[in-house]
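# Breakdown of the fold
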Amino acid sequence: MVSQKKISFDIKVYDSLSELSSGDQNLMSVAVKARKRAYAPYSSFNVGASVLLENGEIIEGNNQENASYPSGLCAERVAVFYAGSKYPGMKIKAIAITAASLNHEVNEPAAPCGNCRQAISEYEFRQQEPIKILLMGETGSVIECNSLADLLPLGFNSSFLN
Ligand code: THU
């Protein structure tokens, strides 16, 4: 027997950053500052990510590229790995991500790559509490997702290993 299932999820779309709560605006502004410090001489695509922890601290990161291209790392993973290394086991409440290119205007929200979704999902699965994800380009609208799991349907996690 075959059963058909639909997977869908809700997002919020804000026309601009100023419509977010002041806390979320602040989180995104930290990501923007981090984005401006990105090391991306090969792609000219600068990404910043900021991670709000349960203790209220914000940890940020940006993409770090390398002459050997695959050795570079995305902003999101730089940020969550640093958060995990500084505060092992501390819950993550939200992550804000912003991208800008030196070659064109990124005027719509940039979504995290598949590897970053998988990396963030490890933290969300471990803490058993959703991580809010805020996405923005350089200008334009902002997307709010309720959890990382929404962005990675049928995801792989440690439960499969037990
Ligand atoms: N990049 C990120 O930092 N995050 C993403 O989710 C997508 C891509 C970086 C990797 C690389 O330095 C540049 O953007 C172009 O792919």
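Look a little higher up for the structure.
Here the structure is a predicted model, which is why all the values come from computation and not from measurement.

Another aspect to go through is a nonpolar patch on the surface. Residues Phe9, Ile11 and Val13 make up a contiguous nonpolar surface patch of about 260 Å² in total accessible area. Relative to the elements of secondary structure, valine 13 occurs in strand β1 (residues 11-14). In this structure valine 13 comes out as exposed when scored by relative accessible area, which is 51%.

With that settled, the discussion passes to unusual backbone geometry. The phi dihedral of glutamine 128 is positive, around 55°, even though this residue is not glycine. Here glutamine 128 is to be found in the loop between α3 (114-127) and β5 (132-136). Positioned with a positive phi, leucine 154 is a non-glycine residue whose angle comes to about 55°. Tracing the sequence through the fold places leucine 154 in the segment after α4 (148-151).

What follows deals with the side chain of glutamate 124. By the secondary structure assignment, glutamate 124 is in helix α3. Looking at glutamate 124, its side chain comes within polar contact range of the main-chain nitrogen of isoleucine 131, at 2.7 Å. Among all residues touching glutamate 124, those that are not within four sequence positions of it are Glu129, Pro130, Ile131, Ser147, Leu148 and Ala149.

Another aspect to go through is the packing of helix α2 (residues 75-86) against α3. As a packed pair, α2 and α3 sit with axes 9 Å apart at the nearest point and diverge in direction by 20°. It follows that α2 is roughly parallel to α3 by the angle criterion. Here the hand of the crossing between α2 and α3 comes out left-handed. Residues Glu76, Arg77, Val80, Phe81 and Gly84 of α2 pack against Asn115, Cys116, Ala119, Ile120 and Tyr123 of α3. Broken down by class, the residue content of the contact of α2 with α3 amounts to six nonpolar, two polar and two charged.

On to the environment of leucine 102, then. In this fold, leucine 102 is placed in the loop between β4 (92-101) and α3. Each C-alpha atom, one on leucine 102 and one on serine 8, is 34 Å from the other, the two residues being 94 residues apart in sequence. Dropping the residues within four chain positions of it, leucine 102 is found in contact with Ser44 and Asn46.

Among the nonpolar cores identified, the biggest contains 23 residues, and Val51, Val80, Ile92, Ile95, Ile97, Ile131 and Ile133 are the most heavily contacted of them. Elements with a minimum of two residues in this core: β2 (45-53), α2, β4, α3, β5, β6 (142-145) and α4. Setting aside residues up to four positions removed in sequence, isoleucine 131 forms contacts with Ile92, Lys93, Ala94, Ile95, Ile120, Tyr123, Glu124, Cys145, Asn146, Ser147 and Leu148. In this structure, Leu20, Leu27, Ala31 and Ala94 belong to the second largest nonpolar core, which totals 11 residues.

Rules used throughout
Residues numbered from 1 in each chain as written. Predicted model: local features only at pLDDT ≥ 70, side-chain atom pairs only at ≥ 80, totals over all residues. Heavy atoms only, no water. Patch = residues over 30% accessible without salt bridge, like charges linked within 9 Å, V, L, I, M, F, W, Y side chains within 5 Å. Areas by Shrake-Rupley, 256 points an atom, 1.4 Å probe, with all protein chains shown as cover. Salt bridge = Lys/Arg side-chain N within 4 Å of Asp/Glu carboxyl O. Helix = DSSP H or I, 4+ residues; strand = E, 2+ residues; numbered from the N terminus. Buried < 20%, exposed > 50% of the residue type's maximum accessible area, 1.4 Å probe, protein only. Polar contact = N/O pair within 3.5 Å; in protein donor to acceptor, adjacent residues only side chain to side chain. Contact = heavy atoms within 4.5 Å. Axes fitted to C-alpha atoms, helices over the stretch in contact; angles between N-to-C directions. Parallel < 35°, antiparallel > 145°, perpendicular 65-115°, else oblique. Left-handed = near helix turned anticlockwise from the far one by under 90°. Nonpolar A, V, L, I, M, F, W, Y, C, P; charged D, E, K, R; others polar. Core = buried A, V, L, I, M, F, W, Y, C linked by side-chain atoms within 4.5 Å.

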